[in-house]
Amino acid sequence: MSPTYWAAGTAVVVAALFAIGATVATANGGGGDDGSGSSSRTPGLYSADAGFARGMAVHHQQAVEMSFIVRDRTQDEAVRGLAYDIANTQANQRGMLLGWLDLWGLPKVVADEPPMSWMGSDHGHDMPGMDGHDMGGQDMSGHDMGGATTKPGALMPGMATKEELDRLRAAQGRDAEVLYLQLMTDHHKGGVAMAQGCASRCATPAERKLAEGMVAAQRSELTLMADMLKQRGAAPRA
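About the criteria used
Residues numbered from 1 in each chain as written. Predicted model: local features only at pLDDT ≥ 70, side-chain atom pairs only at ≥ 80, totals over all residues. Heavy atoms only, no water. Helix = DSSP H or I, 4+ residues; strand = E, 2+ residues; numbered from the N terminus. Buried < 20%, exposed > 50% of the residue type's maximum accessible area, 1.4 Å probe, protein only. Polar contact = N/O pair within 3.5 Å; in protein donor to acceptor, adjacent residues only side chain to side chain. Contact = heavy atoms within 4.5 Å. Salt bridge = Lys/Arg side-chain N within 4 Å of Asp/Glu carboxyl O. Disulfide = S-S within 2.5 Å. Phe/Tyr/Trp six-rings, centres within 6.5 Å; stacked < 30°, edge-to-face > 60°.

(A) Spotlight on the side chain of Arg232. Position of Arg232 relative to the elements: it lies in the segment after α6 (205-231). The buried category is assigned to Arg232, whose relative accessible area is 12%. Reaching out from Arg232, the side chain makes a polar contact with the side chain of Asp76 at a distance of 2.9 Å. Look past the residues within four positions of Arg232 in its chain and what remains in contact with it is Asp76, Ala78, Val79, Arg174, Glu177, Val178 and Leu181.

(B) View of the pattern of salt bridges. Under the criterion given, the structure shown has 12 salt bridges. With a closest N to O distance of 2.8 Å, Arg232 and Glu177 form a salt bridge. Placement of the pair is Arg232 in the segment after α6 and Glu177 in helix α5 (residues 173-201), with a sequence separation of 55 residues. Residues joined in a network through salt bridges with shared partners are Glu65, Lys162, Asp166 and Arg169.

(C) View of the state of the cysteines. As enumerated under the stated definition, the model contains 1 disulfide in all. Each disulfide pairs two cysteine sulfurs, and for Cys198 the partner residue is Cys202, the sulfurs being separated by 2.2 Å. Between Cys198 and Cys202, the disulfide has an S-S torsion of -125° and is therefore left-handed. Here the two residues Cys198 and Cys202 agree in accessibility, since each one is buried.

(D) Inspection of the packing of aromatic side chains at higher detail. Inspection of every chain in the model, using the stated rule, returns 2 aromatic pairs. Taken together, a centroid distance of 5.5 Å and an interplanar angle of 75° make the contact between Phe52 and Trp118 edge-to-face. Residue Phe52 is located in helix α2 (residues 48-71), and its partner Trp118 is located in the loop between α3 (77-104) and β1 (144-145); the two are separated by 66 residues in the primary sequence. The burial state of Phe52 is the same as that of Trp118; both residues are buried. Each ring, one from Trp100 and one from Trp104, has its centre 6.4 Å from the other, and the planes form 15°; the classification is stacked. One end of the pair is Trp100 and the other is Trp104, both in helix α3 and 4 residues apart, which spans about a single turn.

Printed below as a string of C-alpha cells:
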C-alpha cells in the first residue's frame with residue numbers, strides 16, 4: 001500500500017473513532033455546559049445546529065460524488081489518493097451529521113428552509129416568525145461568505161452546478177485532474193465558511209468541535225490542492 005493511501009486510510013479510522021465518541025457525547029447531552037455558556041438542550045428544528053447538519057450533509061455528499069467521478073477518470077496516484085481521502089472522510093462526517101439529526105428527532109430535509117438560512121440563527125435557538133421561523137432577513141444564497149459565494153444553479157457556497165459535474169464526467173486524464181482540483185477548491189472554500197459559521201453559532205459542543213476540525217482539515221487540503229494545480233500548470237479559479 002502506498003504512503004498516500006495509508007494516510008487516507010488512517011484519516012478514515014480517526015474520523016470513525018471521533019464519530020463514535022462525539023455521537024455518544026451528544027447522546028449524553030453533549031457533555032453539559034462546556035464553559036462557554038452553551039446549553040446542552042436538544043437543538044430546535046430551525047437552529048444553527050440542525051441547519052448546519054442538514055446543509056453540510058448535502059454539501060459533503062457532492063464532494064463524495066465528485067471524488068468518485070475523478071477516481072474513474074485518471075490514473076494519477078496523487079489525485080486518486082486525495083479523492084479517496086476526501087470521499088471517505090466526508091462520508092464519515094456526513095454520517096455523523098445525519099446521526100445527530102436522528103438523535104435529536106429532527107428531519108433531514110425541511111421543505112420551507114432556504115439554503116444557508118441557519119447562518120442567521122443565534123446559538124442554536126429557534127427563530128420564531130415567518131411560517132414558524134424567522135430567517136433574520138438572511139437568506140445566504142447568492143451572498144458572499146468570507147470569499148465563498150453561491151453560484152447561480154448551485155445550492156450552497158462552493159457547490160458545483162449540474163453543468164460543472166457534467167464537464168467533470170466528460171473529462172479524462174489531466175483535464176479531469178485540473179477540473180476536479182478546481183471544483184474541490186471552490187467546494188472546500190464554501191465548506192470552510194459554513195463550518196466557521198457553525199463553530200460560532202452552534203450550541204452543541206461536539207458539533208462545534210467537528211466544525212472546527214473541518215476548518216483545519218479543509219484549509220490544509222486547500223494548500224495541498226493549490227500545489228497540485230501548480231504542478232499541472234494550472235491554478236484555482238478566480
